[in-house]
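Secondary and tertiary structure notes
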Amino acid sequence: MIIETSAGVTLNATFISNYFKNLINQFFKILPLWESGEPTLPKYIRSLQIELLGYKELILSVKNDSQMLSLVAVLQYLLDNPATDITTVKSEVFKAISICTKLQARYSNMERGD
């Protein structure tokens, strides 16, 4: 299946599915950075948030997808609440990973025609 972009370039659904697979690792990376108190963590989270906002505008099929907003909102919460306990951080990161997994499956199924 072909996916339209705001740049006028088309992408196949496998490409989009692979993006969400990679995004899972990017969210997972937050956990060890948080646990170690890495000072560059806010910069990493903000960069990931900017990427997601740009992606949302680039890929027309996700422009109004509430799941994309959930991913951006999780990152915003983590940025706004740096004293959040690790249990909450883990919960939110795994919620984001679950969303990425669902989005990956959606685009994987599109490519197979499911």
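This text gives an overview of the structure that appears in the document.

So, about helix H1 (residues 13–28). The terminal C-alpha atoms of H1, which comprises 16 residues, lie 23 Å apart, in line with the 22 Å expected from a rise of 1.5 Å per residue. For H1, the set of buried residues is Ala13, Ile16, Ser17, Tyr19, Phe20, Leu23, Ile24, Gln26 and Phe27. Buried residues of H1 fall within an arc of 165 degrees about the axis and therefore sit on the same side. Residues of H1 that are exposed and point over 90 degrees away from its buried face: Phe15 and Asn25. Looking at the buried residues of H1, the elements they touch are strand S1 (2–4), strand S2 (10–12), helix H2 (30–36), helix H3 (41–58), helix H4 (66–80) and helix H5 (86–112). Where H1 begins, the capping side chain belongs to Asn12, and its oxygen is found 3.1 Å from the backbone nitrogen of Thr14.

Let us look at the pattern of salt bridges. The final tally for this structure, using the stated rule, is four salt bridges. Here Glu57 and Lys56 are joined by a salt bridge, their closest N and O atoms 3.1 Å apart. In this structure, the salt-bridge partner of Arg106 is Asp65, at a minimum N-O distance of 2.6 Å. One end of the pair, Arg106, is in helix H5; the other, Asp65, is in the loop between H3 and H4, with 41 residues separating them in the sequence.

The next thing to look at is the packing of H1 against H3. One way to put it is that H1 packs onto H3 with a least axis distance of 12 Å and a crossing angle of 160 degrees. In terms of orientation, H1 lies roughly antiparallel with respect to H3. Once H1 is placed against H3, the crossing between them reads as left-handed. The segment H1 lies against H3, with Ile16, Tyr19, Phe20, Leu23, Gln26 and Phe27 engaging Tyr44, Leu48, Glu51, Leu52 and Tyr55.

Calculation rules
Residues numbered from 1 in each chain as written. Predicted model: local features only at pLDDT ≥ 70, side-chain atom pairs only at ≥ 80, totals over all residues. Heavy atoms only, no water. Helix = DSSP H or I, 4+ residues; strand = E, 2+ residues; numbered from the N terminus. Expected span 1.5 Å × (residues − 1). Buried < 20%, exposed > 50% of the residue type's maximum accessible area, 1.4 Å probe, protein only. Arc of directions from axis to C-beta. Contact = heavy atoms within 4.5 Å. Polar contact = N/O pair within 3.5 Å; in protein donor to acceptor, adjacent residues only side chain to side chain. Salt bridge = Lys/Arg side-chain N within 4 Å of Asp/Glu carboxyl O. Axes fitted to C-alpha atoms, helices over the stretch in contact; angles between N-to-C directions. Parallel < 35°, antiparallel > 145°, perpendicular 65-115°, else oblique. Left-handed = near helix turned anticlockwise from the far one by under 90°.

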